[in-house]
Protein chains: 2
Amino acid sequence: MENKEISQAVIGRLPRYFRYLGELKDQGIERISSQELSDIMDVTASQIRQDFNNFGGFGQQGYGYKVEYLYEEIGKILGLDKTHNLIIIGAGNLGQALANYMNFERRGFLFRGIFDNDPALYGKKIREMEVKPIEEMESFVRENQIDIAVLTIPKSSAESVAKRLVDNGIKGIWNFAHVDLDVPKRIQVENVHLSDSVMKLTYNIHRYEQEEK
Amino acid sequence: MENKEISQAVIGRLPRYFRYLGELKDQGIERISSQELSDIMDVTASQIRQDFNNFGGFGQQGYGYKVEYLYEEIGKILGLDKTHNLIIIGAGNLGQALANYMNFERRGFLFRGIFDNDPALYGKKIREMEVKPIEEMESFVRENQIDIAVLTIPKSSAESVAKRLVDNGIKGIWNFAHVDLDVPKRIQVENVHLSDSVMKLTYNIHRYEQEEK
């Protein structure tokens, strides 16, 4: 793969390409032109070509892209040909929802454990997995080569839990806590700030209403 | 408010400003310069000033911004001074998690109901609210001036449910279904594609590992 820096904007679009290509593949479609893909995805064909050129272009234009090949290649770029050991910190509603949502095992995400600091939850089974005390988190991360931790805990404890994870070798954090984590640059963080997202929605609703007036 | 078009990138940053300002306010801080805000938020001071200038600038530079005023003003821009009637479609784990997560009532989000198509869930109480059959959704939206619907249903039904919501007057959709909805331009949609997000994380993990090699 090229070593040139690829913008986070391009990277942010890759999973969407992957999703659409997966659907095309499931529909048995073998080839697609950038124009056809553009029509389905509502982005310009030139944007698509430009994005793909960051990765060498993925083959003949005009002739169209091979759907399955493109799907596989983008999957590899996204690291989905590897497996990832993943734990969830916080066995509340959101943690449970994500554990159950993780039928993405076929994408290589292996759900290895779920931790909480509430003794009432210890031993509770979530997808065949007993909730463990958070005190066991550090050794578990080390001994099971955990790559990714999903944080669904309040922001008050998120920062200190993140530090403990980092100290024990975590590579990435999928952060649902309502705070921007301060971790070393080598640790990859992807934030899902739910209330930021819903506020963007209310902004756009009001914006539209004001324009209508 | 100005009528000029403000980019979605700027809008995407507003909730984060709002979040940090809320924390500063809670800490009793009355004034902050763009440089101090820049240090805390890890964006440049010029970016901050540029963003704020989209909305008239919010007062004296050099002298610093009044925290509470800025917090209130950004809140208004985000539409948070209004109330929003909100329903959740899909009473599975994620729907329940979001219902419980909605302590953002103080932000004006009023949780009005939760719907599902699984009879086993009808009548189940989620935050004092009984799960209703999805057949009742349309009349409920009309009769209760519902503004926002949260979709936590499989992608196979998301498109048709979205259409039914739109036909009955919904203004915005907070979409957790794994599909990009095709709705009229007047309907505001904010997507939370969880698997897109986790793939971005794996991309960055692998990218980092390749760079290290």
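Residues numbered from 1 in each chain as written. Chains lettered and ligands numbered in written order. Predicted model: local features only at pLDDT ≥ 70, side-chain atom pairs only at ≥ 80, totals over all residues. Heavy atoms only, no water.

A. Summary view of the sheet that holds strand 9 (residues 188-191) of chain B. With mixed pairing, seven strands are arranged side by side in an open sheet as 5-6-4-3-7-8-9 (chain B). Looking at strand neighbours, the two that pair on one side only are strand 5 (125-126) and strand 9 of chain B, the edges of this open sheet. Lying over the sheet, helix 8 (residues 194-212) of chain A contacts strand 3 (84-89), strand 4 (109-116), strand 7 (148-151), strand 8 (172-175) and strand 9 of chain B, oriented at roughly 165° with respect to strand 9 of chain B. Contacts from helix 7 (residues 155-167) of chain B reach strand 3, strand 7 and strand 8 of chain B within the one sheet, and its direction differs from that of strand 7 of chain B by about 170°. (Pairing = 2+ DSSP bridges. Helix = DSSP H or I, 4+ residues; strand = E, 2+ residues; numbered from the N terminus. Contact = heavy atoms within 4.5 Å. Axes fitted to C-alpha atoms, helices over the stretch in contact; angles between N-to-C directions.)

B. How the structure looks around the packing of aromatic side chains. Taken as a whole and assessed by the stated rule, the structure comprises 10 aromatic pairs over all chains. Ring plane angle 10° and centroid distance 4.4 Å describe the contact between Phe18 of chain B and Tyr71 of chain B, whose orientation is recorded as stacked. Linking Phe18 of chain B in helix 1 (residues 8-26) with Tyr71 of chain B in helix 4 (residues 67-77), this pair joins segments that are 53 residues apart in sequence. Given a relative accessible area of 4%, Phe18 of chain B falls into the buried group. Their ring planes at 70° and their centres at 5.0 Å tell us that Trp174 of chain B and Phe176 of chain B sit as a pair that is edge-to-face. There is no split in this pair, since Trp174 of chain B and Phe176 of chain B are both buried. What links up through ring pairs into an aromatic cluster is the set Tyr17, Phe52 and Tyr65 of chain A. (Phe/Tyr/Trp six-rings, centres within 6.5 Å; stacked < 30°, edge-to-face > 60°. Buried < 20%, exposed > 50% of the residue type's maximum accessible area, 1.4 Å probe, protein only.)

C. Layout of the interface of chain A and chain B. Of the residues lining the interface, 67 residues belong to chain A; the matching set on chain B comes to 67 residues. Regarding the contact of chain A and chain B, the summed buried area is about 6,100 Å², with carbon and sulfur atoms giving 60% of it. Sorting the residues of chain A by area buried against chain B places Arg19, Met199 and Tyr203 of chain A first, and these three jointly supply 11% of that buried surface. Across the contact surface, chain A and chain B share 10 salt bridges. Asp196 of chain B is the salt-bridge partner of Arg19 of chain A, the closest N and O atoms lying 3.0 Å from each other. Per element, the largest residue contribution to the side of chain A that touches chain B is 18 residues, and it comes from helix 8 of chain A. For the side of chain A that touches chain B, the per-class residue count stands at 31 nonpolar, 18 polar and 18 charged. (Buried area = accessible area lost by both parts, 1.4 Å probe. Salt bridge = Lys/Arg side-chain N within 4 Å of Asp/Glu carboxyl O. Nonpolar A, V, L, I, M, F, W, Y, C, P; charged D, E, K, R; others polar.)

D. Inspection of the pattern of salt bridges at higher detail. This structure, assessed with the given rule, holds 24 salt bridges over all chains. Across the pair Arg19 of chain B and Asp180 of chain A runs a salt bridge whose closest N-O atoms are separated by 3.6 Å. Taken together, the residues span two chains, with Arg19 of chain B in helix 1 and Asp180 of chain A in the loop between strand 8 (172-175) and strand 9 (188-191). The same class applies to Arg19 of chain B and to Asp180 of chain A, which are both buried. A salt bridge links Lys171 of chain B to Glu209 of chain A, with the shortest nitrogen-to-oxygen separation between them at 2.8 Å. Residue Lys171 of chain B is located in the loop between helix 7 and strand 8, and its partner Glu209 of chain A is located in helix 8; the two belong to separate chains. A residue is classified by how much of its surface remains accessible, and Lys171 of chain B, at 34% relative accessible area, is partly exposed. Overall, Glu209 of chain A belongs to the partly exposed group, its relative accessible area being 25%. Connected through shared salt-bridge partners, Arg16 and Arg19 of chain A together with Asp180 and Asp196 of chain B make up one network.

E. Up close: the packing of helix 2 (residues 34-41) of chain B against helix 3 (residues 45-53) of chain B. Residues and elements named next belong to chain B. Closest axis-to-axis distance for the helix 2/helix 3 pair is 8 Å, and the angle between their directions is 110°. Regarding the angle of helix 2 to helix 3, the classification is roughly perpendicular. Here helix 2 and helix 3 pass one another in a crossing that is right-handed. Contacts from Ser34, Gln35, Leu37 and Ser38 of helix 2 reach helix 3 at Ala45, Ile48, Arg49 and Phe52. Tallied by class, residues from the contact of helix 2 with helix 3 come to four nonpolar, three polar and one charged. (Parallel < 35°, antiparallel > 145°, perpendicular 65-115°, else oblique. Left-handed = near helix turned anticlockwise from the far one by under 90°.)

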